[in-house]
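As a plain string of letters, each chain reads:
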Amino acid sequence: MLILNKTAGVFSKPSKRNMYEFLRSFNFHPGKLFLHKLVLGIETSCDDTAAAVVDETGNVLGEAIHSQTEVHLKTGGIIPPVAQQLHRENIQRIVQEALSASKVSPSELSAIATTIKPGLALSLGVGLSFSLQLVDQLKKPFIPIHHMEAHALTIRLTNKVEFPFLVLLISGGHCLLALVRGVSDFLLLGKSLDIAPGDMLDKMIMQKEKEEGIEKGQILSSAADIAAAVQHTVACHIAKRTHRAILFCKQRDLLCQSNAVLVVSGGVASNLHIRKALEIVTDATQCTLLCPPPRLCTDNGVMIAWNGVERLRAGLGILHSTEGIRYEPKCPLGADISKEVGEAAIKVPRLKMKI
C-alpha cells in the first residue's frame, strides 16, 4: 500500500488496464542479448519528468525528458499542483520513449530505480505511484533513490573516481558539502543555512523591482550590475566554504593529502564563474576538480538509473517488497558532522580571486 503525506492530497494510480496496455506496446520477443544488468531510472522530484535506461558498465542506452520550464516561467515559479498534473500527463510517455530508445523491453530490466526523496511532495508522489505499478506488473526489484545521492554519484558514470571524494552540490534548491565514502556512505560537512545560490538571485531582484517601481516585463536599470555582483559574491562565498571543507578533511585524514578529488554537481555547477573560483581553491590545495557534463548536472533520469546501478552492484537498498514504501519531501544526506567542522575553527588562507 502506498502511504502518502497528509499534505500531498490524493493521487490517482495508473489503472491496471492502462499499465497492461502500456506494457503491451513493447515487443517482448527475443531480440538483442543483454549481458549486463539494466536499470530503468525515473525522476520526478521537482519540475522535470525524466527517465533513462543505463547498464552496469555506464552505457546510457536510452533517455527521455519533459521540461516544465516554459509553463512555470509564465507563473513566476513552480506551482506544485501544476507540476504534479504535468508529471501525470507525461510520465508514461517519457518512460516509454526511454525504453523504446534503449531497445530494451521492460521484461529485460534488472531493476527499477526511482527518486523518492527529497523534493516536492506532489511531484515525488507521481513518480513513485507509477513506478510501484510498473514494479508490481513486472515483478522486478525496486530501488528507492535519494536525489542528492544521485547527483553526487553521477561523476562515477563519466569519470573513474574512487571513494572517498568531496562533493559540492549546488542548485536552485540545494547547497551542501559532503564527503562521499561509499555508495550510501556520506558525511555532511555543511549546507545552506537559509537559501540556495540559484534561489538567491530571484529574491534580490524582487527587492530592487519594488525599489525602482518596475512593472512586469520591464528590465531593472541595474540588472547587469546586480547579476555580476551576486555572481561574484556567491562564487567567493562557496569557494571559501569549500576551501575550509578540504582543509578539514585533510586534517582528519578523510581525504588524500595530494590528488584528492572535489566533485561539483547540480544546476549551478554549470556556472563558469563559480567553476573558476573553485579551480583557484583546488589548485591551492592540490586537488582535482571534476564536474559532470552540464546535461547531467541538472535533474535527469540518467543519474537516477546510474544510482540504481551503483546500489545494485553494492547490494544496497534493493527492495523485493514495496509494502509501506513512502516518499520523503525533506530528507538529510548522510551523517551530519557540520557541528564538528565548525568547532574545528579552521583558518582559511586568503586566496586572490582573479576570475
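My aim in this report is to walk through the structure given alongside it, one point at a time. (Residues numbered from 1 in each chain as written. Predicted model: local features only at pLDDT ≥ 70, side-chain atom pairs only at ≥ 80, totals over all residues. Heavy atoms only, no water.)

## What to know about a nonpolar patch on the surface
- Together, Val71, Ile79 and Val82 make up an exposed nonpolar region whose accessible area comes to about 180 Å².
- For Val71, the location among the structural elements is in helix α2 (residues 69-75). (Patch = residues over 30% accessible without salt bridge, like charges linked within 9 Å, V, L, I, M, F, W, Y side chains within 5 Å. Areas by Shrake-Rupley, 256 points an atom, 1.4 Å probe, with all protein chains shown as cover. Salt bridge = Lys/Arg side-chain N within 4 Å of Asp/Glu carboxyl O. Helix = DSSP H or I, 4+ residues; strand = E, 2+ residues; numbered from the N terminus.)

## Quick look at the pattern of salt bridges
- Here the structure, examined in full by the defined rule, presents 10 salt bridges.
- Arg156 is the salt-bridge partner of Glu310, the closest N and O atoms lying 2.6 Å from each other. Of this pair, Glu310 sits in helix α11 (residues 301-314) while Arg156 is found in helix α6 (residues 155-158), placing the two residues 154 residues apart along the sequence. With respect to burial, Glu310 and Arg156 carry one shared label: buried.
- For Arg313, the salt bridge is made with Glu310, and the minimal N-O distance between the two is 3.5 Å. Note that Arg313 and Glu310 are positioned in helix α11 at a spacing of 3 residues, about one turn of the helix.
- One salt-bridge network, held together by shared partners, links Arg156, Glu310 and Arg313. (Buried < 20%, exposed > 50% of the residue type's maximum accessible area, 1.4 Å probe, protein only.)

## A short note on the packing of aromatic side chains
- In total, this model carries 2 aromatic pairs according to the counting rule given.
- Taking 5.8 Å as the distance between ring centres and 70 degrees as the angle between the ring planes, the aromatic pair formed by Phe22 and Phe130 counts as edge-to-face. With Phe22 in helix α1 (residues 16-24) and Phe130 in helix α4 (residues 121-138), this pair connects stretches of sequence that are 108 residues apart. Per residue, the accessibility class of Phe22 equals that of Phe130, and both read buried.
- When the centroid spacing of 5.9 Å and the interplanar angle of 10 degrees are considered together, the rings of Phe163 and Phe165 count as stacked. (Phe/Tyr/Trp six-rings, centres within 6.5 Å; stacked < 30°, edge-to-face > 60°.)

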